[in-house]
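# Reading the structure
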Amino acid sequence: MTIDSKPDWIKGIKSELDYGWRYHGNVLGILPDTSVILNESDTEIEEALADKGVKDSSSASCFQCGTCSAICPYTLVTTDRNGLSARRMLHEAQLGLTNFESEETWLCTTCGACVSQCPRGVEITDFMKDLRRIIVEYGAGYYPKSLRTAMSSIASLGNPFGEPLKKRATWVKTLNIKPFTKGMELLYFLGCFPAYDPRVRKVAQDIIGILKKVGVDFGILGSQESCCGESVRKAGNEELFRSLAHSNIHAFAENGVKKIITTSPHCYHTFKNEYPQFGVDLEVTHYTQYLAQLIKEGRLKFSKALNRKVTYHDPCYLGRHNGIYEEPREILRSIPGLELIEMPDSGQKSVCCGGGGGRIWLETKKEERLTNVRLEQAIETGANVLAVSCPYCLTNFEDSLLTVDREHGIQVKDIAELAWEAIPLS
Amino acid sequence: MSRKVIILGGGVAGMQAAIALNDLGTESILVEKEPELGGRVKNYDKIFPFFQSGKELVKDLEKRVRGAHLVEIKLGTTVTHVEGQPPHFQVRLDTGNYEISAGAIVVATGFEPFDASLQEEYGYGIYQNVITATELESLLDPEGPTNGELRRPSDGKIAQRIAIVFCVGSRNEKLGHNYCSRICCSFSTKQAIEIKKKYPDARIVCFYIDIRTYGRGFEEMYRQAQEAGVNYIRGRVAECGVLPNGDITIRVEDTFLGKPMQGVFDLVSLSHGMTPCLDAPKIATMLGIRLAEDGFFDCMDKELYANDATEDGIFLAGAAIGMKPIPDCIADSNAVAARVAAFFAKMPKETE
């Protein structure tokens, strides 16, 4: 803040006596005044912060211990003191001094590592979401352009890729599966990625293959399916999130959907934990949970051996956010010949791929990509497959594979792809 | 009515309560579940802030309590049953098949160190060189397992780089301990000075959230530590890890510099906080008194009657009502003796 932006009453009384270094009563010099006014902060910002609960509820109990900023995965790629610091942002919010022009507001992936350890129980990911919401709703501050583009594409086309809605329907047609009709056991909610991204499409195709093989009575919603809105909400666009939620909930109700499986942990999280606020009660499972259940029931069996060393990367929204650590591993363990090796940071300590919180739609500097660090960890284990169970993780790891500059024989695969491989073609 | 007082707990608070009651001419029975007197303090070679011997302090108190002719000591004994209204309590012990008539009961049951393995991110119980402050205390004790040498558990190497992590298990909503354990900043600082005295070249870093050296002589001791070269970094350690050679890595943010940091240490000591003694709920039920939200015994009135339990005739001393340094425990016991005397004085004089 400069002196010009200070209120008149301070400018008015500015004199040598008021703002000088003094020594034995003599003024030695005038200080350049860069101090921040504490008792006259911007009321508009204060009100916005209070309105969204950022100042009063989500940041108030923070005691500045720095656990969040020490555990933040960004410390693995940068220790720039101007980088993301949840601790500093919480303190600024407590004082009503949030800097909305700062890029760091958009760096958080909402991976939840900080929340899992905060001794005061501050919901830091909610805090980040609320800050972004202020920026979006008040039109104030820095709002990254690529995120704006993704959001408007979701608003107008129902997907973040800027691709025509028709394309969603066309690819679904190629799958040769029934649309969901009343009375069916299960809805498979594909999500946006498989429709527009050829790499992730492979995962969805394999899940479908397995479901068909087992003889599960399932269908899809086709073009009635909209983006679940997870990243939309985390990116602060509450209004758009609500309209997407309503559109999906409408489609679920219209078709009599009771039980859903999803490709993405993000869709899973949203249906399971966020849609209930709109009064819907659905049975939601992630596909890894569903497959693990099928294995337990003896309906899904793997008879083809995969002689590979596999290490598994826990996605944030399956692990930390929803406590699902075992089911994906159960699938891997039941594949004959497959050896599961753990990375040192696994389970609750898993390192985010960098794709959550809307970051998947933003460019991340090459040297700040968390997947690069994680890929190194995976290579260190001696594994030849890094298994994932989230479209964001898959996409980010495939990107990193292209840039890693050391000898390795590692591949990135979704658990569904490994499972499909272990089922012999008949 | 009986004017005998039953004291639960033979630590410093219980012993001093018996001594003070004796001085006032009141009989008491000091009941201690362990086979010897002295509670936690008998294991401390040095106590803060004046580096006196805890063992000597206990010996001194024990000599005085044993010399007090109105005090009966029952070791290896617990109170199993209490009934009746004050001042007509009937108390049963597990060592005799008879009832004792008591006019008042003093609870001086102390504390239990927090189980550091519950704070999983620090790896206590998994990483050998992550130890608790209590274990550090015994390593620094010339009569301890290492004869006072700071040998780390994994390979017996003398630790040269030591991290002391404050507020372990305290001030933590996740673990249900929202309170500050009050003495950890000070005993940790005392330990840092002891290490520095023995190993002047050791690098010691204390990681803290706030420094609370509030008592008489505590702040001076903090300054002494800094002047001896102990580093204090304001940041709560987020997690510990282990290297193949047993060294411990820690992740923390120096919140003053706004800089995330990683450090490698030979030994990490967790300054665990304290919880109420494990029997507290059982004792509270037996006596019909309440525990407060923090799990320690509740008081009749937190300002005016901090040493009175929530029922008449039952009094509280020492760490049973929240963590405090030794002098405060002694002061509590003296206060309790006065409260007991006042309670008896208020009772109608009846023929006994």
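Keep in mind that this is a model prediction, so the values were computed, not measured.

## Comments concerning the sheet that holds strand β9 (residues 385–388) of chain A
Residue and element names in this part refer to chain A. Sheet architecture is open: four strands sit in the order β8-β7-β9-β10, paired in parallel fashion. Of all the strands in the sheet, just β8 (339–341) and β10 (411–414) have a single pairing partner and so form its edges. Between one strand axis and the next, the sheet turns through 35 degrees on average, direction left out of account. Strand direction decides the pairing type here: β9 and β10, joined by four bridges, are parallel. Paired with Leu386 across the strands is Val412, a residue of β10.

## Considerations on the packing of helix α15 (residues 287–296) of chain A against helix α16 (residues 326–333) of chain A
All names here are of chain A. For the pair α15 and α16, the least separation of the axes is 8 Å and the interaxial angle reads 50 degrees. Between α15 and α16, the angle is such that the two are oblique. As α15 packs across α16, the resulting crossing turns out to be left-handed. Every residue of α16 that contacts α15 at Thr288, Gln289, Leu291, Ala292 and Ile295 is listed here: Glu327, Pro328, Glu330 and Ile331.

## Here we look at the interface of chain A and chain B
Between chain A and chain B, the residue contacts involve 24 residues of the former and 22 residues of the latter. Our count for the contact surface shared by chain A and chain B stands at two salt bridges. Put simply, Glu253 of chain B and Arg87 of chain A hold a salt bridge, and the shortest N to O gap is 2.7 Å. Summed over the shared surface of chain A and chain B, the number is 14 residue pairs in polar contact (both at pLDDT 80 or more). Contributions of two or more residues to the side of chain A that touches chain B are made by α4 (67–71) and α6 (113–117) of chain A.

## Topic: the domain arrangement of chain A
Residues and elements named next belong to chain A. When the domains of chain A are assigned, the result is domain 1 (43–138), domain 2 (157–293) and domain 3 (302–421). A straight line from the C-alpha centre of domain 1 to that of domain 2 covers 31 Å. Each partner contributes to the interface: domain 1 provides seven residues, whereas domain 2 provides six residues. Between domain 1 and domain 2, roughly 590 Å² of surface is buried when both sides are summed, and carbon and sulfur atoms account for 61% of that area.

## A word on helix α14 (residues 265–274) of chain A
Residues and elements named next belong to chain A. In terms of burial, α14 is a largely internal element, eight of the 10 residues being buried. Taken together, the buried positions of α14 are occupied by Pro265, His266, Cys267, Tyr268, His269, Thr270, Phe271 and Glu274. Residue Ser264 occupies the N-cap position of α14, its side-chain oxygen lying 2.9 Å from the main-chain nitrogen of His266.

## Looking at the confidence of the model for chain A
Residue and element names in this part refer to chain A. Per-residue confidence for chain A gives a mean pLDDT of 87; residues scoring 70 or more make up 88%. The lowest-confidence element of chain A is helix α1 (residues 8–12), averaging 46 in pLDDT; the highest-confidence one is β9, averaging 98. Low confidence marks residues 9–22, where pLDDT is under 50. Its contacts with residues over four positions away, or in another chain, come to 27 contacts.

## A few points about the domain arrangement of chain B
All names here are of chain B. When the domains of chain B are assigned, the result is domain 1 (4–110 + 277–346) and domain 2 (114–273). On a C-alpha basis, the centroid separation for the pair domain 1 and domain 2 is 31 Å. Together, Phe48, Phe51 and Met323 form the three largest contributors to the area buried by domain 1 at its contact with domain 2, with a combined 42%. Across the contact surface, domain 1 and domain 2 share two salt bridges. The interface formed by domain 1 and domain 2 includes four residue pairs in polar contact (both at pLDDT 80 or more). Broken down by class, the residue content of the side of domain 1 that touches domain 2 amounts to nine nonpolar, one polar and six charged.

## Comments concerning the nonpolar core
Core analysis: the biggest nonpolar cluster contains 131 residues, and Ile124, Tyr188, Leu190, Phe252, Phe271 and Tyr275 of chain A have the highest contact counts within it. Sort the elements by how many residues they give to this core and helix α11 (residues 198–214) of chain A lands first, with eight residues. If we ignore the near neighbours within four places in the chain, the residues touching Tyr188 of chain A are Ala204, Ile207, Ile208, Leu211, Phe218, Gly219, Ile220, Glu225, Ile261, Thr262 and Thr263 of chain A. Among the nonpolar cores identified, the runner-up in size contains 41 residues, and Leu139, Cys167, Cys185 and Ala192 of chain B belong to it.

## A word on the packing of aromatic side chains
Tallying each qualifying case throughout the model produces 23 aromatic pairs over all chains. Summarising the aromatic geometry, the rings of Phe189 of chain A and Phe252 of chain A are spaced 6.2 Å apart at their centres and angled 75 degrees between planes, so their arrangement reads as edge-to-face. In this pair, Phe189 of chain A sits in strand β3 (residues 186–189) while Phe252 of chain A sits in helix α13 (residues 238–255), placing the two residues 63 residues apart along the sequence. Of the two residues, Phe189 of chain A and Phe252 of chain A, neither departs from the other in class, the shared state being buried. Summarising the aromatic geometry, the rings of Tyr208 of chain B and Tyr232 of chain B are spaced 6.2 Å apart at their centres and angled 65 degrees between planes, so their arrangement reads as edge-to-face. Of this pair, Tyr208 of chain B sits in strand β11 (residues 203–208) while Tyr232 of chain B sits in strand β12 (residues 231–234), and the two are 24 residues apart along the sequence.

## Considerations on the pattern of salt bridges
In a structure, side chains of opposite charge can pair up when their charged atoms sit close to one another. Evaluation of the coordinates by the stated rule reveals 52 salt bridges over all chains. The residue Lys46 of chain B makes a salt bridge to Asp45 of chain B at a minimum N-O spacing of 3.4 Å. For the salt bridge of Asp155 of chain B with Arg152 of chain B, the shortest nitrogen-to-oxygen distance reads 2.8 Å. A relative accessible area of 43% means that Asp155 of chain B is categorised as partly exposed. Each of the salt bridges in this network shares a partner with another, and the network as a whole consists of Glu230, Arg233, Lys234, Glu238, Arg242 and Glu274 of chain A.

## Focus on a nonpolar patch on the surface
Taken together, Met300, Leu304 and Tyr305 of chain B make up a surface patch of nonpolar side chains, about 310 Å² in accessible area. Note on placement: Met300 of chain B falls in the loop between α6 (280–287) and β18 (314–316).

## What to know about the pairing of β11 of chain B
All names here are of chain B. The element β11 is largely enclosed, with a buried count of five among its six residues. When strand β10 (residues 161–168) meets β11, the two strands line up parallel, connected through five bridges. Counterpart to Ile164 in the pairing with β11 is Cys206. With helix α4 (residues 184–198) bridging β10 and the parallel β11, this β-α-β connection has right-handed handedness. Note: β11 against β12, four bridges, orientation parallel. Each bridged residue has a counterpart across the sheet, and for Cys206 the counterpart in β12 is Tyr232.

## A short note on the environment of Asn307 of chain A
Residue and element names in this part refer to chain A. Within the secondary structure, Asn307 sits in the loop between α15 and β7 (309–312). A relative accessible area of 67% places Asn307 in the exposed class. Between the C-alpha atom of Asn307 and that of Asn248, which follows or precedes it by 59 residues, the distance is 41 Å.

## A few points about the side chain of Arg329 of chain A
All names here are of chain A. Topologically, Arg329 is positioned in helix α16. Reaching out from Arg329, the side chain makes a polar contact with the side chain of Asp314 at a distance of 2.8 Å. Among all residues touching Arg329, those that are not within four sequence positions of it are Tyr312, Asp314, Leu340, Glu342, Ser346 and Gly347.

## Considering the environment of Arg199 of chain A
Residue and element names in this part refer to chain A. Structurally, Arg199 is set in helix α11. For Arg199 and Pro391, which are 192 residues apart along the polypeptide, the C-alpha to C-alpha distance reads 9.0 Å. Ignoring sequence-local partners within four residues, the contact set of Arg199 consists of Leu394, Glu398, Val412, Lys413 and Glu417. Within the structure, Arg199 has its side chain in polar contact with the backbone oxygen of Val412 (distance 3.1 Å).

## A few points about unusual backbone geometry
A cis amide bond links Phe48 of chain B with the next residue in sequence, Pro49 of chain B, at an omega value of -5 degrees. With respect to the element layout, Pro49 of chain B can be found in the loop between β2 (28–32) and α2 (54–67). Omega for the peptide link from Pro86 of chain B to Pro87 of chain B comes to 0 degrees, which places this bond in the cis form. Residue position: Pro87 of chain B is located in the loop between β4 (79–83) and β5 (89–93). You will see that Thr110 of chain A, though not glycine, has its phi angle at about 55 degrees, which is positive. In this fold, Thr110 of chain A is placed in the loop between α5 (86–95) and α6. Under the relative-accessibility criterion, Thr110 of chain A is labelled buried at 1%. For Asn147 of chain B, which is not glycine, the phi torsion reads 55 degrees and is therefore positive. Looking at the secondary structure, you find Asn147 of chain B in the loop between α3 (133–139) and β10.

Conventions and cut-offs
Residues numbered from 1 in each chain as written. Chains lettered and ligands numbered in written order. Predicted model: local features only at pLDDT ≥ 70, side-chain atom pairs only at ≥ 80, totals over all residues. Heavy atoms only, no water. Pairing = 2+ DSSP bridges. Helix = DSSP H or I, 4+ residues; strand = E, 2+ residues; numbered from the N terminus. Axes fitted to C-alpha atoms, helices over the stretch in contact; angles between N-to-C directions. Parallel < 35°, antiparallel > 145°, perpendicular 65-115°, else oblique. Left-handed = near helix turned anticlockwise from the far one by under 90°. Contact = heavy atoms within 4.5 Å. Salt bridge = Lys/Arg side-chain N within 4 Å of Asp/Glu carboxyl O. Polar contact = N/O pair within 3.5 Å; in protein donor to acceptor, adjacent residues only side chain to side chain. Domains from an automatic or database assignment. Buried area = accessible area lost by both parts, 1.4 Å probe. Buried < 20%, exposed > 50% of the residue type's maximum accessible area, 1.4 Å probe, protein only. pLDDT = per-residue confidence, 0-100. Nonpolar A, V, L, I, M, F, W, Y, C, P; charged D, E, K, R; others polar. Core = buried A, V, L, I, M, F, W, Y, C linked by side-chain atoms within 4.5 Å. Phe/Tyr/Trp six-rings, centres within 6.5 Å; stacked < 30°, edge-to-face > 60°. Patch = residues over 30% accessible without salt bridge, like charges linked within 9 Å, V, L, I, M, F, W, Y side chains within 5 Å. Areas by Shrake-Rupley, 256 points an atom, 1.4 Å probe, with all protein chains shown as cover. Right-handed = clockwise from strand over helix to strand, strands pointing away.

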